[in-house]
Amino acid sequence: MAVTKNTSAIKSSPKHLLGIQNLSILEANKILEEAKFFIKLNRSNSKKLDILRGKTQINLFFEPSTRTQSSFDLAGKRLGADVMTMNMSNSALKKGETLIDTAMTLNAMHPDLIVIRHQDSGAPNLLSQKVNCAVINAGDGRREHPTQALLDALTIINRKGKIEGLKIAICGDILHSRVARSNIYLMNMLGAEVNIIAPKTLMPSCINKLGVKSFTDMKKGLDSCDIVMMLILQNERMQGSFLPSKREYYEYFGLTSDKLKYASKDALIMHPGPMNRGVEIDTKLADDINVSLVKEQVELGVAVRMACLKLYCK
Amino acid sequence: MKEKFFINARIIDPSQQMDEKGSVLVDINGKIKAIGKNIKKPVSDQKLEIIDLEGNILIPGIVDMKAFVGEPGFEYKENFRTLTQAALAGGVTSIVTMPNTNPIIDNVSMVDFIIRRGRDKAAVNLFPCASLTKQLDGKLMTEFGLLSARGIIAFSDVTKTVQNTETMARIMNYASDIGVLIMQHAEDYELSKNSCINEGEISTRLGLEGVSPIAEKIIIERDLSLLSEYPCRYHINQVSSRHSLDVIKINKDLGKKFSVGVSINNLSLNENDIGDFKTFLKLSPPLRTEDDRVALVEAIKNGLIDVIVSDHTPEDEESKRLPFAQAATGAIGIETLLPLALEMYHNESLSLNKIIQTLTINPSKILKINKGSLAVGCDADICIIDLEAPWVVKADKLKSKSKNTAIENRKLQGKVLKTFLNGELVFNL
């Protein structure tokens, strides 16, 4: 196969993928380029490669996850790695073992890659200081979710050809969203203009310093946008603590085909999932294959993660 | 003990508005016998010990109004012996110790224990605090009268705040009658929930829950309103933001009597120093913006802030080697308090006199203790400083049992050469 030629691991880059903040534009483009090949592979009949044969990948998930975990699982397996997924929400941590001790224990088993999802911001950074293998951040607290941003970028490129010059709106619970943060950094880096739309109580402080324009009005925020990214609003945040009600949120911030008209004519919708239909997005709109990229995001997620695993595995 | 005669000193004693070349004579009881320019060498007496300072600076021993000793309960973090060593190496001769030990110092028998233990193990002046409320739970006041009678200097819930306004009103009302000192940590829990870092660009970037400066301001506003009704001796432990200073200024301008402290950390670091999740810089109150830091320094200059404290909080490495949100809060600092404060002199933010004042006579006045001054008759607690000596902070060279310094590798200028307690040499570099 064409891929047998050894694409060397990213040169002069940190050996870990901890966030988009630490990534250079060269590295980001390299991952996206590499991923394009895997899109084709994943659509073919024979999906299995042996690039990572003999390598061990540990998926360390401290927080429940469906799509990210299965995506990394599949990505590793398609590249031929031995993949072990550890669901940490019911293990040693509950017995008082610290993250560092867990890391040391796993490190002693000589993994080549650790994929970590953790509820605390910065946990992958801490882990990366203590292990010898590459650490890939699969989402930490509300800080970063780099592979999600990369797969979003790949999805946009796949449809629009490029990111540079596009206008992208990210809408919803920005405050608690690592997806929003990673996307802000990556889309900015790749030359897009980013608008943030959220009610005041779900807008992080000083968000403008991240290089975005912030809006509380969908009409203004969506104006001439090419991409509309919606974020999940969790149940516990919509009953009075951050917002008056689900109904009121949907009225002002839920994406409907009416509101989508404020955006550019050929605007496309994205959502990292899981989706709250009827809360942040109209259910028909979410399923409309003419405007919704949701399924494609999941599909390309595997390709992006294959690229990351390949490039970061030493 | 021999009489001691310090010569060729630059004496800085803000309690006497003194900054002059001169000599200090300490009598055999460890009290200041004479101080100033024209002190003649006492007539030849074999017992006299002459100490030539060669132009170095002589100041009163430092009074640190906020430090944590691990005893009892947290001896693995710090004990009286290690705290003493760290303090004396930093020129600190008087320490107000915090009551958030295990068990908590909230009853008379604990006070007796801590005073006995301190007397036996600590070679430094200790002034223990008791908790403001029983079990630090913010609900029931402790026995202010009985505890004071046993030797408690002040009452504080350390890093906890009495949230209930009625409780706080009663505490201040009761305290105003018997004249005890209340030291408040200002933090509204509803606003600060789960947070460990200033709310702003850094908290947004790091994805950490931020605490708004309003959480501090709102408690200060509440307490200062109560203070009008119940004029007790009230001290704000540590302010951290410009917002709080605005409230403090308004109230001081109204003529209200209260005092204000600040941690040396908030004067010399800001939120950017947290960098890539440095848990040693997880502090309470949190480090805030550079604008806040500058405002705090300015507030010392114009007298809004009275005292600089070390907020010495030893934590073992294990409790810091965790994800930021889970890591313990606090940093050690008693040994580096003075050298770090001198940074503000070297970078021309504050006068030397002002710095020494906030570290010696000001805390002594608030505490109503006979320390922080070298006036004739005072205890000869003395610190000798080489103002220019450069050095680099290295955690493993510090004397505290815990090594969680917030200023590892910081280049400082100014070093403590010698410390005397009641005229006795207790630290010599």
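Residues numbered from 1 in each chain as written. Chains lettered and ligands numbered in written order. Predicted model: local features only at pLDDT ≥ 70, side-chain atom pairs only at ≥ 80, totals over all residues. Heavy atoms only, no water.

### What to know about the overall build of chain B
- Scanning chain B for helices and strands turns up 13 helices and 18 strands.
- The globule rule puts the C-alpha radius of gyration for 429 residues at 22 Å, and the 21 Å found for chain B is close to it.
- For chain B, the spread of C-alpha atoms along the principal axes amounts to about 70 × 45 × 45 Å.
- Considering chain B as a whole, with its 429 residues, one finds that 62% of them fall into the buried category.
- Contacts in chain B between residues far apart in sequence, at least 24 positions, make up 74% of those at least 6 positions apart.
- Accessible surface for chain B amounts to roughly 16,500 Å². Of this, 48% is attributable to carbon and sulfur atoms.
- Computing the positive centroid from 52 side-chain charges and the negative centroid from 56, chain B places the two 4 Å apart. (Helix = DSSP H or I, 4+ residues; strand = E, 2+ residues; numbered from the N terminus. Rg over C-alpha atoms; globule rule 2.2 N^0.38 Å. Buried < 20%, exposed > 50% of the residue type's maximum accessible area, 1.4 Å probe, protein only. Contact = heavy atoms within 4.5 Å. Areas by Shrake-Rupley, 256 points an atom, 1.4 Å probe, with all protein chains shown as cover. Lys, Arg positive; Asp, Glu negative; His and termini not counted. Charge placed at Lys NZ, Arg CZ, Asp CG, Glu CD.)

### Section: the sheet that holds strand E8 (residues 227-230) of chain A
All names here are of chain A.
- As summarised here, the arrangement of the five strands in space is E7-E6-E5-E8-E9, forming an open sheet in which the pairing is parallel. Each edge of the open sheet is held by one strand with a lone partner, namely strand E7 (213-215) and strand E9 (268-270). Ignoring which end each strand starts from, the neighbouring axes of this sheet average 20° apart.
- Across three bridges, the pairing between strand E6 (residues 193-197) and E7 is parallel. Within E7, the position partnered with Ile 196 by the bridge is Ser 214. (Pairing = 2+ DSSP bridges. Axes fitted to C-alpha atoms, helices over the stretch in contact; angles between N-to-C directions.)

### Digging into the environment of Ala 328 of chain B
All names here are of chain B.
- Among the structural elements, Ala 328 can be located in the loop between strand E15 (307-309) and helix H11 (337-346).
- Exposure remark for Ala 328: the relative accessible area of 16% places this residue in the buried category.
- C-alpha of Ala 328 to C-alpha of Ala 299: the two residues are 29 residues apart in sequence and 29 Å apart in space.
- Residue contacts for Ala 328: discarding those within four places in its chain leaves Thr 279, Lys 282, Glu 315, Ser 319 and Lys 320.

### A few points about the confidence of the model for chain B
- Considering every residue of chain B, the mean pLDDT works out to 95; 99% of them sit at 70 or more.
- Interface confidence in the predicted complex, given as ipTM, is 0.88; pTM for the same model is 0.92. (pLDDT = per-residue confidence, 0-100.)

### Quick word on the packing of H11 of chain B against helix H12 (residues 352-359) of chain B
Residue and element names in this part refer to chain B.
- Two elements in contact, H11 and H12, have axes whose closest approach is 9 Å; the angle formed by their N-to-C orientations is 150°. Here H11 lies roughly antiparallel to H12, going by the angle between them. For the pair H11 and H12, the sense of crossing is right-handed. In contact with Leu 337, Leu 338, Ala 341, Leu 342, Met 344 and Tyr 345 of H11, H12 contributes Leu 352, Ile 355, Ile 356 and Leu 359.
- A breakdown of the residues in the contact of H11 with H12 according to their chemical character gives ten nonpolar, no polar and no charged. (Parallel < 35°, antiparallel > 145°, perpendicular 65-115°, else oblique. Left-handed = near helix turned anticlockwise from the far one by under 90°. Nonpolar A, V, L, I, M, F, W, Y, C, P; charged D, E, K, R; others polar.)

### Examining the pattern of salt bridges
- A full pass over the atoms with the stated rule returns 32 salt bridges over all chains.
- Close ionic contact of Arg 159 of chain A with Glu 296 of chain A constitutes a salt bridge, the shortest N to O distance being 3.3 Å. Separated by 137 residues along the polypeptide, Arg 159 of chain A in helix H5 (residues 146-160) and Glu 296 of chain A in helix H11 (residues 294-312) bring together distant segments of the chain.
- You can call Arg 159 of chain A partly exposed: its relative accessible area is 40%.
- A salt bridge links Lys 301 of chain B to Glu 298 of chain B; its shortest N-O distance comes to 3.9 Å. Of this pair, Lys 301 of chain B and Glu 298 of chain B are both found in helix H10 (residues 290-301), three residues apart, which corresponds to roughly one turn of the helix.
- We classify Lys 301 of chain B as partly exposed; its relative accessible area is 46%. (Salt bridge = Lys/Arg side-chain N within 4 Å of Asp/Glu carboxyl O.)

### Let's talk about the nonpolar core
- One finds Ile 182, Tyr 234 and Leu 338 of chain B to be the most contacted residues of the largest nonpolar core, which totals 98 residues.
- Core analysis: the next-biggest nonpolar cluster, separate from the first, contains 67 residues, Leu 154, Ala 180, Ile 196 and Leu 210 of chain A among them. (Core = buried A, V, L, I, M, F, W, Y, C linked by side-chain atoms within 4.5 Å.)

### What to know about the interface of chain B and chain A
- On the side of chain A, 22 residues touch chain B, which itself brings 17 residues to the contact.
- Where chain B abuts chain A, roughly 1,700 Å² becomes buried across the two surfaces, and 52% of that area is made up of carbon and sulfur atoms.
- Of all residues in chain B, the largest losses of buried area upon contact with chain A belong to Thr 204, Arg 205 and Arg 321 of chain B, amounting jointly to 37% of the total for that side.
- Linking chain B with chain A are one salt bridge.
- For Arg 142 of chain A, the salt bridge is made with Glu 209 of chain B, and the minimal N-O distance between the two is 3.3 Å.
- Run the count over chain B and chain A and you get nine residue pairs in polar contact (both at pLDDT 80 or more).
- The residue inventory of the side of chain B that touches chain A, partitioned by class, reads seven nonpolar, four polar and six charged. (Buried area = accessible area lost by both parts, 1.4 Å probe. Polar contact = N/O pair within 3.5 Å; in protein donor to acceptor, adjacent residues only side chain to side chain.)

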